[in-house]
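# Structure at a glance
Now for the letters of each chain:
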Amino acid sequence: MADIAVQLPDGSSRSVAPGTTVAGLAADIGAGLAKAAISAVVDGGERDLNHQLVDGDQVEIVTADSEAGLHVLRHSTAHVLAQAVLELWPGATFAIGPPIENGFYYDFSLPDGQTFNDDDLERIEAKMRDIVDADQPFVRSEVPASEALQLMADHPYKRDIIERVSSGAADSELSTEVSGEVISFYRNTESFVDMCVGPHVPSTGRLGHFKLMSVAGAYWRGDEKQPMLQRIYGTAWATSKQLKQHLQRLQEAAKRDHRKLANELDLLSFPSELGGGLAIWHPKGAIARKLMEDDSRRRHEDGGYSFAYTPHLANGNLFETSGHLDFYADGMYPPMEMDNGTYYPKPMNCPMHVLVYRSQQRSYRELPLRLFELGTVYRYERAGTLHGLMRIRGFTQDDAHIFVDQEGLADELADLLNFVLDVLRSYGFDDFTAKLSTRPAEKSVGSDEIWKLATDCLVAALETAELPYEVDEGGGAFYGPKIDVDVRDAIGRSWQLSTIQADFALPERFDLEYVASDGSRKRPVMLHRALMGSLERFFGVLIEHYAGNFPLWLAPVQVEILPVAEEHASYGSEIFDRLKAAGFRCELAEPSDPLGKRIRRAKTQKIPYVLVVGSDDASAKTVGVNPRGGEVERDVPVDDFLARLEREMGDRAVSSSSSPTG
RNA sequence: GCCUCCUUAGCUCAGUCGGUAGAGCGCUUCCAUGGUAAGGAAGAGGUCAACAGUUCAAUUCUGUUAGGAGGCUCCA
């Protein structure tokens, strides 16, 4: 029989004997590849290593160092998890177990309402190691749906999947489980078989660099009304080194956790007496916050914004008109009955800014009218969703509402996006991605023309700013399109911070107008935008981004001055006075504790500069400089050190000196 | 709201197979005067998250509540 030819990804063709499997092809190409091979993509479809090739196949061999290969490893590890659980808990049933970022999970339901606890994870993991050591093959078979239902007779969730798939109702969530007319299964032993599209590693011996991480509840099909299953999360990698690195990354992230650092650096706290999701800012956190607020106000002043102040409570009528009581009541704090009205803590600032706009007749000459406020709002977030500063019930937005005519929309949005990026850059973020959310299919307010105009302007702004973006087609709110800006932090995590949202609904609801140049009454477009989002959350992100090492301008204490001994105390306070007069935040540590102890204390507080001053310094008017993360420098003239501080402040130094008027 | 886990001194954590508790840091006082990451000693500090139940006895076991962590769901 003649050889068959298969195409490789580099465009070359290779002849192999008929009946050759993917594994055989890999071995034919090289021993290294044979060893690294996990699965293959044949003519666009994922296949196992023992899949037989036919003439003309386009073959790409997948190895564990690729994302696809890791996916297969993780998926196979999930099967091993399921096998272990089903062996350890007779009568247990299983649902789905897909690979996810960094690992996998599997959902189970245990008999008699049993649940997993943390100790169970160790038992399960030990059982999984046994299965890996046994090097069981993953044997594929394909059967029609009717037979599949019999095979999974004891597993109602699997049967549910089969029924949904065979009726064509399956969604993408199940794409790793089943697809198509026939249902495929992978059998590892006489007793363990799992329904699965595959592909899988050839045998469990290929696995092993995994760790079970946690147990959690998860609703069947992600639906609150469905039964809650027991989900086990694990992480899995191609090598033990990768696994170790992943666990180290988790540790690094844990070290930066803003809740931990906020406590260690005495920035703020969440006393239980206050209630969940509410923070108090301690003096050191409050200084940083004030600096952020001052910086924000200065930038808005320079950027042509007018300021507004609005109260924390409003009569319910306002939120009736704005529509928040219709659409957002679940997110609002409960009402207070008083006088002859019902009052609510405000969940948004926008209705109040609308009232500012409407307080007088507006002319086109006033547009764009930009109203800015550090506005504190209260939202009822469900108890289980609260998370430090990241998800909180009372918070302050750097909120602005811009009222603009259609002619001015394009310029305003372009300027606005630059303004956003400038602010983010000033906090050391430089890796941005954006998401454009467009008109939803179901229902929306506003004409086709206005939607098109606003969306086009947003696209133009993104392109002018050369910001990479993806489009969430139909993902916008019913009242207008928006741009979300994500930033990547110092350890590569992505945070959604800024939002620019067009709103065609509120101007309508509040009947907003301006007088156009031809004397006619027109309706403005309203833009909502927040740069930092909430100050609280932004500060949380900053703490993690900087790992608590705030840049000089933002550090609660910028310089710690340590006189070596009692006799240097007066020189120490001389330095303190000079730095303070120059506008820097300093602390002078009395020499009652040993020098080493005082240095350690300042270092653990992550203070940017520790100055040690002794006899040499007093006579020569110098300081010893111990910079955060740098080498000790001796005999630095005080003037030089001051100049260095001022340089490092950059354009933030402006806030401490009075700007000329006139 | 749901699932799992957690709550012991100001902080970080031990511990008690049921007989009301310890360490380090921090704080106070005394000694030590030290040139770049923890000097020494003494002292104060706890209704073992709260409430209820079982028990001769509960910080420990059980239940409820509150708060926290990780998930799920939610985030107009």
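Residues numbered from 1 in each chain as written. Chains lettered and ligands numbered in written order. Predicted model: local features only at pLDDT ≥ 70, side-chain atom pairs only at ≥ 80, totals over all residues. Heavy atoms only, no water.

Time to look at the packing of helix α9 (residues 283–302) against helix α16 (residues 535–546). Where α9 meets α16, the closest approach of the two axes is 11 Å, and the angle between their N-to-C directions is 115°. The orientation of α9 with respect to α16, classified from their angle, is roughly perpendicular. Here the hand of the crossing between α9 and α16 comes out right-handed. From α9, Ala-288, Arg-289, Met-292 and Glu-293 reach across to α16, where they touch Leu-535, Glu-536, Phe-538, Phe-539 and Leu-542. Its residues assigned to classes, the contact of α9 with α16 shows 6 nonpolar, no polar and 3 charged. (Axes fitted to C-alpha atoms, helices over the stretch in contact; angles between N-to-C directions. Helix = DSSP H or I, 4+ residues; strand = E, 2+ residues; numbered from the N terminus. Parallel < 35°, antiparallel > 145°, perpendicular 65-115°, else oblique. Left-handed = near helix turned anticlockwise from the far one by under 90°. Contact = heavy atoms within 4.5 Å. Nonpolar A, V, L, I, M, F, W, Y, C, P; charged D, E, K, R; others polar.)

Right, let's get into the protein's contact with RNA strand B. Taken together, 56 residues surround RNA strand B, and among them Tyr-219, Val-564, Ala-565, Arg-600 and Asn-626 come closest. Considering the 4 Å shell around the protein, atoms of RNA strand B inside it are sugar or phosphate in 46% of instances. In this structure, Tyr-233 approaches RNA strand B through a side-chain N or O atom, which is 3.0 Å from a sugar or linking oxygen. One of the backbone N or O atoms of Val-564 is found 2.6 Å from a base nitrogen in RNA strand B. Elements represented by at least two residues in the surface near RNA strand B include exactly β12 (209–219), β13 (228–237), α8 (258–264), α18 (595–604), α19 (615–620) and β32 (622–627). Taken together, the residues that form the surface near RNA strand B break down as 22 nonpolar, 20 polar and 14 charged. (Near = heavy atom within 4 Å. Polar contact = N/O pair within 3.5 Å; in protein donor to acceptor, adjacent residues only side chain to side chain.)

The share of residues in chain A with pLDDT of 70 or more is 96%, and the mean pLDDT across the chain is 88. When the criterion is pLDDT under 50, residues 655–662 qualifies, and its contacts beyond four places in sequence or with other chains add up to 0 contacts. Across the predicted assembly, pTM comes out at 0.86 and ipTM at 0.88. (pLDDT = per-residue confidence, 0-100.)

Consider a sheet: its strands pair through backbone hydrogen bonds, and that pairing is either parallel or antiparallel. Taking strand neighbours across the sheet as the criterion, the 8 strands line up as β16-β20-β21-β28-β25-β24-β22-β23 in an open arrangement whose pairing is mixed. Lying at the two open borders of the sheet, with one neighbouring strand each, are β16 (306–307) and β23 (469–472). When strand β24 (residues 482–488) meets strand β25 (residues 494–503), the two strands line up antiparallel, connected through 7 bridges. For Lys-482, the partnering residue across the bridge sits in β25 and is Gln-501. Sheet strands touched by helix α13 (residues 409–425): β20 (369–378), β21 (394–404), β22 (432–437), β24, β25 and β28 (525–534). Its angle to β28, the strand with the most contacts, is close to 5°. (Pairing = 2+ DSSP bridges.)

This part covers the pattern of salt bridges. According to the stated counting rule, one finds 38 salt bridges in the structure shown. Of the charged contacts in the structure, one is a salt bridge between Arg-14 and Asp-28, with a shortest N-O distance of 3.0 Å. Placement of the pair is Arg-14 in strand β2 (residues 13–16) and Asp-28 in helix α1 (residues 22–29), with a sequence separation of 14 residues. The salt bridge partner of Asp-616 is Arg-634, with a shortest N-O separation of 3.5 Å. With a gap of 18 residues between them, Asp-616 in helix α19 and Arg-634 in strand β33 (residues 633–637) connect regions that are remote in the sequence. By relative accessible area, which is 44% here, Asp-616 ends up partly exposed. (Salt bridge = Lys/Arg side-chain N within 4 Å of Asp/Glu carboxyl O. Buried < 20%, exposed > 50% of the residue type's maximum accessible area, 1.4 Å probe, protein only.)

To continue, consider the layout of surface pockets. Size it by volume and the largest pocket reaches roughly 1,200 Å³. In terms of lining, the largest pocket is formed by 39 residues, of which the most central are Tyr-328, Met-348, Arg-379, Gln-397 and Tyr-479. Listing elements by their share of the lining of the largest pocket, those giving two or more residues are α11 (324–327), β21, β24, β25, α15 (506–509) and β28. Per-element accounting of the lining of the largest pocket gives the leading share, 6 residues, to β28. When the residues that make up the lining of the largest pocket are grouped by side-chain class, the tally is 16 nonpolar, 13 polar and 10 charged. (1 Å grid on protein atoms, 1.4 Å probe; cavity = no way out; pocket = protein on both sides within 12 Å on 5 of 7 lines; lining within 4 Å. Points joined across faces, edges and corners; volume = space filled by probe spheres on them.)

Moving on, we get to the pairing of β22. Examined bridge by bridge, β22 and β24 share 6 bridges and lie antiparallel to one another. If you follow Lys-435 over to β24, its bridge partner there is Asp-484. Traced from β22 through helix α14 (residues 448–464) to β23, the parallel crossover comes out right-handed. (Right-handed = clockwise from strand over helix to strand, strands pointing away.)

So, about α14. The end-to-end C-alpha distance of α14, which contains 17 residues, comes to 24 Å, matching closely the 24 Å that a straight helix rising 1.5 Å per residue would cover. By the burial criterion, the buried members of α14 are Ile-450, Trp-451, Ala-454, Thr-455, Cys-457, Leu-458, Ala-461 and Leu-462. With its buried residues spanning 155° around the axis, α14 presents them on a single face. Facing away from the buried side of α14, by more than 90 degrees, are the exposed residues Asp-448, Glu-449, Lys-452 and Thr-464. Packing partners of the buried residues in α14 comprise α13, β22, β23, β24, β25 and β28. Taken from the residues just after α14, Glu-466 is the one with a positive phi, measuring 55°. (Expected span 1.5 Å × (residues − 1). Arc of directions from axis to C-beta.)

Our focus in this paragraph is a nonpolar patch on the surface. There is a patch of nonpolar side chains on the surface, built from Leu-313, Met-336 and Met-338 and spanning about 220 Å² of accessible area. Along the chain, Leu-313 turns up in strand β17 (residues 313–315). Leu-313 sits in the partly exposed class, given a relative accessible area of 37%. (Patch = residues over 30% accessible without salt bridge, like charges linked within 9 Å, V, L, I, M, F, W, Y side chains within 5 Å. Areas by Shrake-Rupley, 256 points an atom, 1.4 Å probe, with all protein chains shown as cover.)

Turning our attention to the environment of Asp-617. Inspection of the secondary structure puts Asp-617 in helix α19. With 500 residues separating them in the primary sequence, Asp-617 and Asn-117 have C-alpha atoms 61 Å apart. Excluding its chain neighbours within four sequence positions, the residues that come into contact with Asp-617 are Tyr-571, Val-612, Thr-622, Val-623, Gly-624 and Asp-635.

Centre distance and the angle of the planes are the two values used to describe a pair of aromatic rings. Under the criterion given, the structure shown has 23 aromatic pairs. Between Phe-94 and Tyr-106 the ring centres are 5.8 Å apart and the planes differ by 15°, which places this aromatic pair in the stacked class. Linking Phe-94 in strand β6 (residues 93–94) with Tyr-106 in strand β8 (residues 103–109), this pair joins segments that are 12 residues apart in sequence. Side by side, Phe-94 and Tyr-106 carry an identical accessibility label, which is buried. With centroids separated by 5.6 Å and ring planes inclined at 0°, the aromatic side chains of Phe-539 and Phe-550 adopt a geometry described as stacked. One end of the pair, Phe-539, is in helix α16; the other, Phe-550, is in the loop between α16 and β29 (559–563), and 11 residues separate them in sequence. When sorted by exposure, Phe-539 lands in the same class as Phe-550, which is buried. (Phe/Tyr/Trp six-rings, centres within 6.5 Å; stacked < 30°, edge-to-face > 60°.)

Here we take up the side chain of Asn-188. Of note, Asn-188 is situated in the loop between β10 (182–187) and β11 (193–195). Under the relative-accessibility criterion, Asn-188 is labelled buried at 7%. Once residues within four sequence positions are removed from consideration, Asn-188 is found in contact with Gln-83, Gln-136, Pro-137, Phe-138 and Thr-204.

With that out of the way, let us pick up the sheet that holds β11. Strands sit in the order β9-β10-β11 across an open sheet of 3 strands; the sheet is antiparallel. Lying at the two open borders of the sheet, with one neighbouring strand each, are β9 (139–144) and β11. Each neighbouring strand pair of the sheet contributes to a mean axis angle of 30°, computed without reference to strand direction. Sheet topology places β9 next to β10; 6 bridges connect them, and they run antiparallel. The residue of β10 that forms the bridge with Pro-144 is Val-182.

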